[in-house]
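So you can see what is in the structure, the chains are spelled out below.
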Amino acid sequence: MGKKDKAKEKGAVSSRRDFLALAGNVGVCACGLAAAGLGARLAVPELCDGPPHKFPVGPAADFISGTLTWIRDREIFVVHDGDGFGAFSSRCTHLGCTVRRSTEGFYCPCHGASYDSQGRVTTGPARKDLPWYLTWVGSDGRVWVDTDRVADCGSKSANPEGSAARDDEES
Amino acid sequence: MKGFFRALGGNLPGNLRRGLRPGVADGGNSAASRLRRSFVYHLHPLRITRRALRVSTTLGLGVVSLTAFLILSVTGVLLMIYYQPGTGEAYASMQDIQYAVALGSFVRALHRWAAYAMLVSVLLHLLRVASMGAYRGRELNWLVGLGLGACVLGLAFTGYLLPWDQRSYWAVRVSANMLDSVPFLGGAIKSMMLGGQSVGQSALLRFYMLHVALLPAGMLALVAVHLWRIRRDGGLAGAPKEGEDSELLPAWPHLVLREALLMLWVLVILAAVAALVSAPLGVPVDVHVPANPEKAPWYFLWAQELVSYSAPLGAFVIPALLLAGLVGLPFLDRENVGVGRWFGTPACRLAVLFSALAAIAALGLFEVFYMRAGPGAFFKALGTVWPDVVNPGTGMIVMALLAALTAGIATGSTRAAFLSGLVVMLVMLLGFTLIGACRGPNWVFYWPWEGWPSVV
Amino acid sequence: MLFDLAKDTRRLRVGLLAGALFLLLVLAWVGLRAARTEWRGTQAAFFDLTGDARHATEILQNKNCTGQMERCTTCHLGARRRDLMGVQVPKVFRAHSRSMLGHLERGTGCGTCHGGTGRALDSKLAHAMPGGRLRDPLLGQPYIQASCARCHLPGAREGMQRLVAGAEIYLRLGCLICHPLNVGGRGSWDFGTDLRAPGRKSLAYLRMSLIDPAANFPGSTMPSFKNYFADDPESLTDVLVFLLSLEIENAGNCPGQDKRITGVDNPCADCHAGAAGRASGRFVHKCVYIVEHKNMLTCAACHPRQIPEPGPGGGHCPVIDRQRPNCAVCHETNEGSRPG
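Residues numbered from 1 in each chain as written. Chains lettered and ligands numbered in written order. Predicted model: local features only at pLDDT ≥ 70, side-chain atom pairs only at ≥ 80, totals over all residues. Heavy atoms only, no water.

With that settled, the discussion passes to helix α2 (residues 38-50) of chain C. Residues and elements named next belong to chain C. Under the 1.5 Å per step criterion, the end-to-end length of α2 is 19 Å for 13 residues, consistent within 8% with the ideal 18 Å. Among the residues of α2, W39, T42, Q43, F46 and F47 are the ones counted as buried. Looking straight down α2, one finds its buried side chains confined to an arc of 135°; they lie on one side. Backbone geometry just downstream of α2 places G51 in the positive-phi region, at approximately 65°. (Helix = DSSP H or I, 4+ residues; strand = E, 2+ residues; numbered from the N terminus. Expected span 1.5 Å × (residues − 1). Buried < 20%, exposed > 50% of the residue type's maximum accessible area, 1.4 Å probe, protein only. Arc of directions from axis to C-beta.)

Pasting the structure below:
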């Protein structure tokens with residue numbers, strides 16, 4: 001074989017070697033990335049471990065007119081007055097602590113945010129009002145709240161049927 | 001028989017005596033010599049300068065941090081024997097460790113005090129390296145060190161949830177909600193961290209996994225790289241002064257035994273504190289009602305105070321700026337002057353001092369006006385939008401930038417600029433920590449001598 | 001100055017030796033303390049006292065009827081010993097009072113009635129509420145009567161006199177107006193706290209709420225009852241017993257508990273579910289006034305006290321006065337038609 005051929009062969013071998021080395025590195029990196037990606041996907045939660053978002057809070061007759069009731073397990077206030085039933089969140093819109101009642105409305109013990117009696121923010125590090133939720137009295141006579149459907153501040157549904165929403169059994 | 005024992009190491013006294021003699025390793029074949037050569041000299045050079053032995057050079061903070069980490073690992077493993085990471089069982093298992101398990105309260109106390117010690121020593125270590133400019137030319141190791149710092153904060157945060165008492169739960173619930181202020185990734189990180197939308201069994205398991213497996217593994221790997229890089233980068237930063245400081249001495253036993261001494265005494269002091277002072281266990285969790293006040297652990301009080309002015313500021317803007325500043329530091333400050341000296345040059349020292357004093361004064365002014373008016377009045381005056389922009393937190397950022405600019409222009413040194421800015425942030429964060437510590441029910445500020453009213 | 005290698009090494013060795021000695025001291029102290037725990041000493045003392053064959057000291061634990069693990073009997077070894085009744089022994093070994101011994105033998109446990117931190121083995125911590133709330137001690141007489149409400153209706157059994165008295169005062173003073181306790185109105189009117197929220201408030205706080213509510217809650221519209229209780233401090237204690245009982249959740253699985261239809265929240269409706277015009281229950285209220293006001297009043301708002309005989313179903317409600325409804329709770333004079 002001539003010198004030129006030998007050199008060419010050497011050149012071909014080097015480039016093949018280089019190519020294989022590069023391909024190998026890329027392949028290993030790709031595997032690493034894929035593994036990391038799969039691991040991250042595993043960590044993304046599939047199961048929702050919270051309570052349902054649409055739920056009954058109790059028989060309508062239990063909520064005396066003119067009262068504000070705190071539903072502990074759902075962290076919402078249920079209010080019943082002449083216009084019907086309404087519900088709003090008891091979680092401070094700043095960082096989620098449960099608000100307490102005060103003479104003017106509500107205040108949050110965590111950082112001092114305060115709200116008026118309709119849940120509108122008055123002072124404090126909170127910026128947004130306490131969200132109101134769609135509330136109605138179902139055909140079973142219970143008061144239902146849907147925390148996925150935000151309503152206007154102060155909105156209440158008249159007794160008894162208020163909306164077209166169906167009453168699903170709580171899961 | 002005698003020959004058997006001799007072969008086994010019956011020459012031990014002789015070997016020990018030879019090995020313990022001062023001086024450079026004798027290149028002998030004794031077990032001690034071989035151990036020294038293969039392990040000790042992997043981590044240490046053969047010879048070190050006298051400067052490296054002085055306490056004032058590094059204050060031994062890296063060794064203290066490492067010791068604390070080792071103590072935490074050992075006590076942590078022991079605690080894993082009894083701790084149960086379930087929402088129904090966690091608090092009860094903590095009570096069992098505290099009350100029923102033999103030496104349980106001691107091991108638990110040692111774990112907690114070592115954790116606090118580690119947080120302090122890691123912060124001081126960062127400050128020491130920064131103020132000496134020892135990151136100069138060692139960008140990788142600086143970043144590895146920042147990674148270690150992040151791991152330590154992560155370990156402190158995840159470990160805090162495990163007792164599942166009132167403070168733990170609400171700390172995590174509020175912190176997770178703080179992630180909502182982080183743009184783009186906040187929601188995803190929150191959902192991955194909690195395993196859902198609320199703090200419950202999934203969150204507890206994930207935090208447990210992070211605390212006992214992933215973060216310690218990360219720490220181990222990063223510590224190994226960190227120590228290797230120190231050797232690779234040539235040991236301590238900065239040249240020793242001419243004269244006795246540059247005298248070369250054998251690392252064994254002078255450096256190595258100094259480190260061993262420091263490790264031992266850190267352990268003694270932490271063990272004594274743990275024996276005398278028990279770690280507190282809080283009130284059982286109520287997932288619907290926080291206590292009043294609900295305070296963060298001391299090392300996050302500054303964050304709680306900042307977040308009480310504005311959530312996006314305290315949760316995202318300030319941590320991001322701090323991180324950006326720290327990460328960028330070795331890339332932006334490329335001065336070689338004064339590396340290895342405390343605060344570099346005298347001009348730099350002066351700039352830092354002035355900045356610190358100015359920060360204290362400014363903090364005093366901010367808080368006097370803010371506190372006199374009361375938290376409600378502050379927000380009432382500024383409406384709902386301006387408090388995000390005008391508050392002591394942004395004041396701190398502005399002051400830090402001003403201090404950095406002024407110092408930089410006055411001294412002509414980027415080191416002085418960065419250190420001045422850093423010291424302003426540090427002083428003010430310390431101030432926020434103290435103010436946060438004084439907050440009482442309803443987040444109202446009470447001086448330490450005023451009692452807190454008893455409210456529900 | 002030349003660095004003296006030998007001297008430096010010697011100093012380091014001495015330092016290491018000193019450190020090792022100190023560490024050994026600390027560990028020895030900790031080890032000794034762990035070996036000589038309070039409960040071991042107490043158990044040994046008990047075995048000496050009773051002359052029992054020398055038992056090895058061990059932690060004794062059991063689950064009480066609310067499912068909580070407790071270790072009280074590790075030290076309180078005499079609690080169920082009938083033979084120690086009336087015998088002069090140190091307080092920790094005394095047998096439990098005869099009246100409640102039956103509860104103990106039926107497996108009620110200690111913390112169900114006394115509270116405290118059952119899992120603790122240190123007397124100071126065990127006798128406080130969990131979380132080291134040492135201001136909240138173990139419940140004893142009379143406050144322990146609040147715990148009866150965990151399973152029993154007020155007045156249904158012996159031994160609840162102060163609880164019943166407290167309930168009567170609660171109703172007589174009109175507390176129900178702002179703090180109704182029926183099922184649905186879990187809060188109250190716009191301004192009254194839900195007194196059934198769990199999380200035991202300290203007795204000092206509750207007391208202050210009655211004497212000077214504004215001290216606890218600035219701007220509060222709650223009237224002060226200081227003058228009423230100034231003449232009769234015992235009645236203040238009775239009310240406190242009742243208020244403590246409101247927080248206690250119904251246990252649900254004790255064999256001896258009174259049966260409830262609708263739950264602990266509205267004891268009246270257990271028997272009188274038809275009172276407000278509902279479908280089932282013992283009776284529908286005769287008074288048209290009540291039917292009109294059914295959404296605004298609870299039974300006890302008008303019927304504060306009770307003197308009836310035990311009914312055929314067993315048990316009686318001590319807080320209903322069938323003879324003399326108290327309209328003055330809301331109205332200044334007795335007005336309007338009131339049938340029978």
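A word on the pattern of salt bridges. As a working rule, side chains carrying opposite charge can pair if their charged atoms are close by. This structure, assessed with the given rule, holds 22 salt bridges over all chains. Taking the shortest distance from any N to any O, the salt bridge between E46(A) and R41(A) comes out at 2.6 Å. Accessibility expressed as a relative area gives 61% for E46(A), which makes it exposed. Classification of R41(A) by relative accessible area gives partly exposed; the value is 45%. In this structure, the salt-bridge partner of R439(B) is E305(B), at a minimum N-O distance of 2.7 Å. You can see R439(B) sitting in the segment after α18 (414-437) and its partner E305(B) sitting in helix α14 (residues 301-307), a full 134 residues away along the chain. Judged by its relative accessible area of 0%, E305(B) falls in the buried class. Connected through salt bridges with shared partners, the residues E75(A), R91(A) and R173(B) form a single ionic network. (Salt bridge = Lys/Arg side-chain N within 4 Å of Asp/Glu carboxyl O.)

Residue and element names in this part refer to chain A. Burial of strand β3 (residues 76-81) is extensive: 5 of the 6 residues sit out of reach of the surface. Hairpin connection between strand β2 (residues 67-71) and β3: a loop of 4 residues separates the two successive antiparallel strands, and E75 in this loop has a positive phi of roughly 55°. Note: β3 against strand β4 (residues 84-89), 6 bridges, orientation antiparallel. The partner of V78 across the bridge, within β4, is A87. Connecting β3 to the antiparallel partner β4 that follows it, the hairpin turn spans 2 residues. (Pairing = 2+ DSSP bridges.)

Residues and elements named next belong to chain B. Each neighbour pair has its own omega, and for W252 with P253 the value is 0°, a cis peptide bond. When you line up the elements, P253 lands in helix α13 (residues 251-276). The omega torsion across N292 and P293 is 0°, close enough to zero to call that bond cis. Considering the arrangement of structural elements, one finds P293 in the loop between α13 and α14. Its identity is not glycine, yet L103 carries a phi of approximately 65°, on the positive side. On the basis of relative accessibility, which here comes to 37%, the residue L103 falls in the partly exposed class.

With that settled, the discussion passes to the packing of helix α15 (residues 311-332) of chain B against helix α17 (residues 392-411) of chain B. Each pair of packed helices gets described by two things: the angle between the helix axes and the distance between those axes. Residues and elements named next belong to chain B. Across the interface, α15 lies against α17 with an axial gap of 11 Å and an inter-helix angle of 10°. The orientation of α15 with respect to α17, classified from their angle, is roughly parallel. Contacts from L313, V317, I318 and L321 in α15 reach G393, T394, M396 and I397 in α17. Counted by class, the contact of α15 with α17 contains 6 nonpolar, 2 polar and no charged residues. (Axes fitted to C-alpha atoms, helices over the stretch in contact; angles between N-to-C directions. Parallel < 35°, antiparallel > 145°, perpendicular 65-115°, else oblique. Contact = heavy atoms within 4.5 Å. Nonpolar A, V, L, I, M, F, W, Y, C, P; charged D, E, K, R; others polar.)

Right, let's talk about the nonpolar core for a bit. Counting residues in hydrophobic clusters, the biggest one holds 91 residues, and the most contacted among them are F106(A), Y115(A), Y83(B), F106(B), V199(B) and M219(B). By residue number, the principal contributor to this core is α13(B), which donates 11 residues. Apart from the residues within four sequence positions on either side, Y83(B) is in contact with A90(B), S93(B), M94(B), I97(B), L162(B), L204(B) and Y208(B). (Core = buried A, V, L, I, M, F, W, Y, C linked by side-chain atoms within 4.5 Å.)

Time to look at helix α1 (residues 5-35) of chain C. Its 31 residues give α1(C) an end-to-end C-alpha distance of 45 Å, which sits within 8% of 45 Å, the value for a rise of 1.5 Å per residue. Along α1(C), the positions that sit buried rather than exposed are D8(C), T9(C), L12(C), G15(C), L16(C), G19(C), L23(C), V26(C), V30(C) and A34(C). Looking at the buried positions of α1(C), the neighbouring elements they touch are α8 (104-132) and α13 of chain B together with α2 of chain C.

Residues and elements named next belong to chain A. The 4 strands are arranged β5-β6-β7-β8 in an open sheet whose pairing can be described as antiparallel. Here the strands that pair on one side only, and so sit at the sheet edges, are β5 (100-101) and β8 (121-123). In this structure, strand β6 (residues 105-107) lies alongside strand β7 (residues 114-116), joined through 3 bridges in antiparallel fashion. Of the residues in β7, the one forming a bridge with F106 is Y115.

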